[in-house]
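# Structural features, examined
So you can see what is in the structure, the chains are spelled out below.
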Amino acid sequence: DLQKRSAMPKATALRMVETLIAEGYVSRSESALYAPTGKCLLLSSGFDSKASYVKAAEPVLAKLRDDIGWPSDFAIYDNDAMLIVLASSELGVLSLTGQGAARAPLLRSALGRIYLAHLIDEERKNLVDRFLSVDMLAGTRRQVEKTLSEARERGYAISDEAYLDALYPAGMHAIAVPVLGRKGPLAALNVLFLRKALSLDKGVKTLLPSLRSAARAIAEGIER
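Per chain, residues are indexed from 1 in the order of the written sequence. For a predicted model such as this one, the threshold for reporting local features is a pLDDT of at least 70, and the threshold for listing and counting side-chain atom pairs is 80 or more; totals across whole chains, interfaces and linings nevertheless cover every residue. Hydrogens and water are ignored here; the side-chain numbers use all heavy atoms of the structure.

## Overview of the pairing of strand E3 (residues 72–77)
Across the 6 residues that make up E3, a large majority, 5, are buried. Taken together, the 4 bridges between E3 and strand E9 (residues 184–194) define a ladder with antiparallel strand orientation. Each bridged residue has a counterpart across the sheet, and for Ala75 the counterpart in E9 is Ala188. By the bridge criterion, 5 bridges tie E3 to strand E4 (residues 82–89) in an arrangement that is antiparallel. Residue Tyr77 lies in a different strand from E4, and its bridge partner there is Met82. At least two bridges found by DSSP between two strands is the condition for calling them paired. Strands here are runs of E lasting at least two residues and helices are runs of H or I lasting at least four, both read from the DSSP assignment and numbered beginning at the N terminus. Hairpin geometry of E3 and E4 is characterised by an intervening segment of 4 residues between the two adjacent antiparallel strands and by a positive phi of about 70 degrees at Asn79. Working definition: with a 1.4 Å probe on protein chains only, accessible area under 20% of the residue-type maximum means buried, over 50% means exposed, and in between means partly exposed.

Here's what the structure looks like:
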């Protein structure tokens, strides 16, 4: 359909669509249909379809940063990834509504894992099926299902270390909790901390209570 409407050669149209998929602007469903992702909105007036989520999360992230001293990310599900729309740092809470917005993979990031883990079984299975076929670094189905089951049972997820190492050469841990509404997960919230400063076990013990409290506050704000 794109090829006919654009009058481009089919190979050219396909190559352009594949480039847009690689850049995160387009996703492809199991039924071979293409769709724009939320990242397309970042090209114009900003990603605002979840404006109420950002409004509820921003003051909570600022307080969380003051309380624990480590950076956090607030992310929402966006078709093929978790879109990080707020990030806290020593500079304050930054709204990522431009080209710098980051997309965390569903099967390897703590944000994606905890969101998937709290979906209903059928929805989770469909997404796992979809992304196992495109994320070759995610592991086997059995490994993914085990990781998600453990995350749901304990109420938090951790990121794949190889994924984090590619982003943060200094060495970081990331743990994430769901932002839960009455009908399921609304978003996800994480905290990042240096491995040389805190072991994973100590980080979970000292940071998880504050992270969970922040997630509850955000959920309450969204649903109000």
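Let's pick the thread back up.
## A few points about the pattern of salt bridges
Definition used for salt bridges: Asp or Glu carboxyl oxygen within 4 Å of a side-chain nitrogen of Lys or Arg. Applying the stated rule across the entire model yields 9 salt bridges. Among the ionic pairs, Arg103 bridges to Asp78, the shortest N-O distance being 2.8 Å. With Arg103 in strand E6 (residues 102–104) and Asp78 in the loop between E3 and E4, this residue pair connects regions lying 25 residues apart in the sequence. In this pair, the class of Arg103 matches that of Asp78, namely buried.

## Digging into the nonpolar core
Residues grouped as a nonpolar core are buried Ala, Val, Leu, Ile, Met, Phe, Trp, Tyr and Cys residues, joined through side-chain atoms within 4.5 Å. Counting 33 residues, the largest nonpolar core has Phe74, Val179, Leu189, Ile218 and Ile222 as its most contacted members. Elements represented by at least two residues in this core include exactly helix H3 (51–68), E3, E4, strand E8 (172–181), E9 and helix H8 (200–223). With 9 residues, H8 is the single largest residue contributor to this core. Among the nonpolar cores identified, the runner-up in size contains 29 residues, and Met82, Leu119, Val144 and Ala151 belong to it.

## Thoughts on the environment of Arg103
Here the alpha-carbon distance between Arg103 and Ala81, two residues 22 residues apart in the chain, equals 5.8 Å. Polar side-chain contacts of Arg103 include one of 2.8 Å to the side chain of Asp78. Whenever two N or O atoms come within 3.5 Å, that pair is a polar contact, provided that in protein one can donate a hydrogen and the other can accept it, and provided that, for residues adjacent in sequence, both atoms are side-chain atoms.

## Overview of the pairing of E9
Within E9, 10 of the 11 residues are buried, leaving the element largely enclosed by the surrounding structure. With 10 bridges connecting them, E8 and E9 associate as antiparallel partners. Bridging across to E9, Pro178 finds its partner in Ala188. Connecting the antiparallel pair E8 and E9 is a turn made up of 2 residues.

## Things to note about the packing of H3 against H8
How two helices pack is summed up by the angle between their axes together with the distance between the axes. Between H3 and H8, whose axes approach to 8 Å, the crossing angle comes to 155 degrees. By the angle between their axes, H3 is roughly antiparallel relative to H8. Relative to H8, H3 is oriented so that their crossing is right-handed. Residues Ser52, Tyr53, Ala56, Ala57, Val60, Leu61, Leu64 and Ile68 of H3 form the contact with H8, whose participating residues are Leu207, Ser210, Leu211, Ala214, Ala217, Ile218, Gly221 and Ile222. Residues that form the contact of H3 with H8 fall into these classes: 13 nonpolar, 3 polar and no charged. Axis geometry follows a simple rule: fit a line to the C-alpha atoms, using only the stretch in contact for helices, then measure angles between N-to-C directions, giving values from 0 to 180 degrees. Angular relationships are summarised with four words: roughly parallel below 35 degrees, roughly antiparallel beyond 145, roughly perpendicular across 65 to 115, and oblique for the angles in between. Crossing handedness is defined as follows: a turn of the near helix away from the far one that is anticlockwise and smaller than a right angle gives a left-handed crossing, while the clockwise case is right-handed. Two residues qualify as a contact provided that any one of their heavy atoms is within 4.5 Å of a heavy atom in the partner residue. Throughout this entry, Asp, Glu, Lys and Arg are counted as charged residues, while Ala, Val, Leu, Ile, Met, Phe, Trp, Tyr, Cys and Pro are counted as nonpolar. The remaining residues, Gly among them, count as polar.

## Observations concerning unusual backbone geometry
One non-glycine residue with positive phi stands out, namely Ala7, at about 65 degrees. Secondary-structure assignment places Ala7 in the loop between helix H1 (2–6) and helix H2 (10–22). Located in the positive-phi region is Asn79, a residue other than glycine, with phi close to 70 degrees. Of note, Asn79 is situated in the loop between E3 and E4.

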